[in-house]
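Each chain, letter by letter, is given below.
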Amino acid sequence: MAETSSKILIPETFQGYGYDITGQIGMMWELIKEPLIVPLLNLMVYVSLAMSLMLFFERVYMGIVIILVKLFWKKPEKRYNYEPIQEDVEMGNSNFPVVLIQIPMFNEKEVYKISIGAACGLSWPSDRLVIQVLDDSTDPTIKQMVEVECQRWASKGINITYQIRENRTGYKAGALKEGLKRGYVKHCEYVAIFDADFRPEPDFLKRAIPFLVNNPDIALVQARWRFGVKVAIIPLLACGFTAVNSASNQGVVNADECLLTRMQEMSLDYHFTVEQEVGSATHAFFGFNGTAGVWRIAAINDAGGWKDRTTVEDMDLAVRAGLKGWKFVYLGDLQVKSELPSTFKAFRFQQHRWSCGPANLFRKMVMEIVKNKKVTFWKKVYVIYSFFFVRKIIAHMVTFFFYCVVLPLTILVPEVYVPIWGAVYIPSIITILNSVGTPRSIHLLFYWILFENVMSLHRTKATLIGLLEAGRANEWVVTEKLGDVLKKKAAEAAKNKTGAKILRIPKFKFGDRLHLLELGFGVFLFFCGCYDFVHGKNNYFIYLFLQTITFLIAGFGYVGTII
């Protein structure tokens, strides 16, 4: 018996070697499939279904709340004491509080004039406004350009200061913290923060500051990001080239620049339309978006100031201030134009930071939240379960593990059953709920699903790095911004009577574009799709082949197509 088993598992000669190896692999698979693979995959299915239900109920809950908010909730101006600040002839400008504007920058060659100009154009008494440009640039030429721009506005009577540091310790958090230490800002009561590509409207402060002046328990007023209006732009492959019709390009930021920016707009619009609105209406708490917001400086100090322990210094400060009992207000109708990453490389770096940072912060703060005595039990449940666990961890992991790993594996192991409600109905409802923020892009919904599934791999990896505090947990790469470069080139093309012209965005080397993990999953899904086409019964191969194409496109560094 022992001899027979030995001959089966290890052939004595190389005759029929390939056949024996194939047979042995098949036999080994059959031996371990029933006692090991099937139970393990069943467990993975149950865990995935549980995570799907958690995300489903979270989305339904927020959907119900946002409907109630829109129909029955009072607007922020009615929920809080709100009275516009009026000019007083006798008191002069002293009726207006002193506001600090902070503009952190790092090698922002294409956009530095945008935020500086917008800040200097704010409708607020000049003697009650202090503008601080915090330049951490490492390029001497860009530093000089920014300094000259600040001097230009200062010569017009604007109170603007160009501030630099000896090093970039703490990155953005370090720059903001250092800025608040300066003696010339000690008399400021509030601070508005704008990243270099943000363009607040002149009435921004007049609409936001009254909430802080008339409600001493409010720490933060957050505005909504807006990415521009639709114009005649033809998105081409991977944002590598963009054809711009120069006849209509005014007022553009870049939502319509390419398919990549359209996908981002869909995701971010849901965040602002639903998540921020629900948090503000129900618990007066949400994550600070890092820009386009106004803080009460006393609340920043009370919460412990800016900290650089994670790559989401904005969320860190918001959570600590929330645990101190401070309230936040989100104003969905107060909108600030901004720019979306228009290259896949820049987008990946941004998503790594946005996924890794919250997970790392959750690891650091979960026990602090549990032990907190200043907020209610239900607010702690909301912050831990809804704000952190479901939205920042589960949402990434279930998308990747269930739809890109577990579901394809069940095709290879038909003994494992995935209920139709878990594989089709629940994700369909979640997707529909996610699409409410950007109805104009409803025709892109199917591709958005495929794209989000691909990005869930990158986000899940970043989330695990944050939870485990691995090597790249504190990696900070500033998101590249192109500003109005394309608009200017389009205008030049029109001036030269060249008409609609293909404009090139700087190219990347092929090695920079190549992403082996995405390519590997593309191959895996293609194999599962072929197997399902030949042996399967659920017709998952249609989804798998489409998802394969999307993974391969991302793997080669391209994420766009013609719309």
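Residues numbered from 1 in each chain as written. Predicted model: local features only at pLDDT ≥ 70, side-chain atom pairs only at ≥ 80, totals over all residues. Heavy atoms only, no water.

- The name given to the protein chain in an unreviewed UniProt entry is glucomannan 4-beta-mannosyltransferase, and the organism recorded there is Ziziphus jujuba var. spinosa.
- For the protein chain, the Sequence similarities (unreviewed entry) comment in UniProt is given as "Belongs to the glycosyltransferase 2 family. Plant cellulose synthase-like A subfamily." (UniProt positions renumbered as here; feature names shortened; annotations may be inferred.)

## Quick look at the packing of aromatic side chains
- All told, the structure shown has 26 aromatic pairs when counted by the stated rule.
- With centroids separated by 5.2 Å and ring planes inclined at 70°, the aromatic side chains of Phe285 and Phe387 adopt a geometry described as edge-to-face. Here the residue Phe285 occupies a position in the loop between helix 8 (259–283) and strand 8 (293–296), and Phe387 occupies one in helix 12 (residues 377–412), the gap between them amounting to 102 residues.
- Overall, Phe285 belongs to the buried group, its relative accessible area being 1%.
- Ring centres 5.8 Å apart and planes at 70° place the aromatic pair Trp295 and Phe328 in the edge-to-face group. Separated by 33 residues along the polypeptide, Trp295 in strand 8 and Phe328 in strand 9 (residues 327–337) bring together distant segments of the chain.
- If you follow Lys156 out to its NZ or CZ, it ends over the ring of Trp153, 4.5 Å from the centre.
- In this arrangement the basic side chain of Lys392 is found over the ring face of Phe387, its NZ or CZ atom lying 4.2 Å from the centre. (Phe/Tyr/Trp six-rings, centres within 6.5 Å; stacked < 30°, edge-to-face > 60°. Helix = DSSP H or I, 4+ residues; strand = E, 2+ residues; numbered from the N terminus. Buried < 20%, exposed > 50% of the residue type's maximum accessible area, 1.4 Å probe, protein only. Lys NZ or Arg CZ within 6 Å of the ring centre and 35° of its normal.)

## Structural notes on the environment of Phe347
- Note that Phe347 resides in helix 11 (residues 344–371).
- Distance in space between the C-alpha atoms of Phe347 and Glu480 is 8.7 Å, their sequence separation being 133 residues.

## Notes on a positive patch on the surface
- A contiguous patch of positive charge, built from Lys177, Lys181, Lys186 and Lys307, is present on the exposed surface.
- Tracing the sequence through the fold places Lys186 in the loop between helix 6 (171–180) and strand 4 (190–193).
- On the basis of relative accessible area, Lys186 is assigned to the exposed category, the value being 57%. (Patch = residues over 30% accessible without salt bridge, like charges linked within 9 Å, V, L, I, M, F, W, Y side chains within 5 Å. Areas by Shrake-Rupley, 256 points an atom, 1.4 Å probe, with all protein chains shown as cover. Salt bridge = Lys/Arg side-chain N within 4 Å of Asp/Glu carboxyl O. Lys, Arg positive; Asp, Glu negative; His and termini not counted. Charge placed at Lys NZ, Arg CZ, Asp CG, Glu CD.)

## Some thoughts on the pairing of strand 5 (residues 218–226)
- The element strand 5 is extensively covered by neighbouring structure, given that 8 of its 9 residues are classed as buried.
- Summarising the sheet, strand 5 and strand 9 pair through 8 bridges and their orientation is parallel. Bridging across to strand 9, Ile218 finds its partner in Lys327.
- In the sheet, strand 5 pairs with strand 8 via 3 bridges, with the strands oriented antiparallel. (Pairing = 2+ DSSP bridges.)

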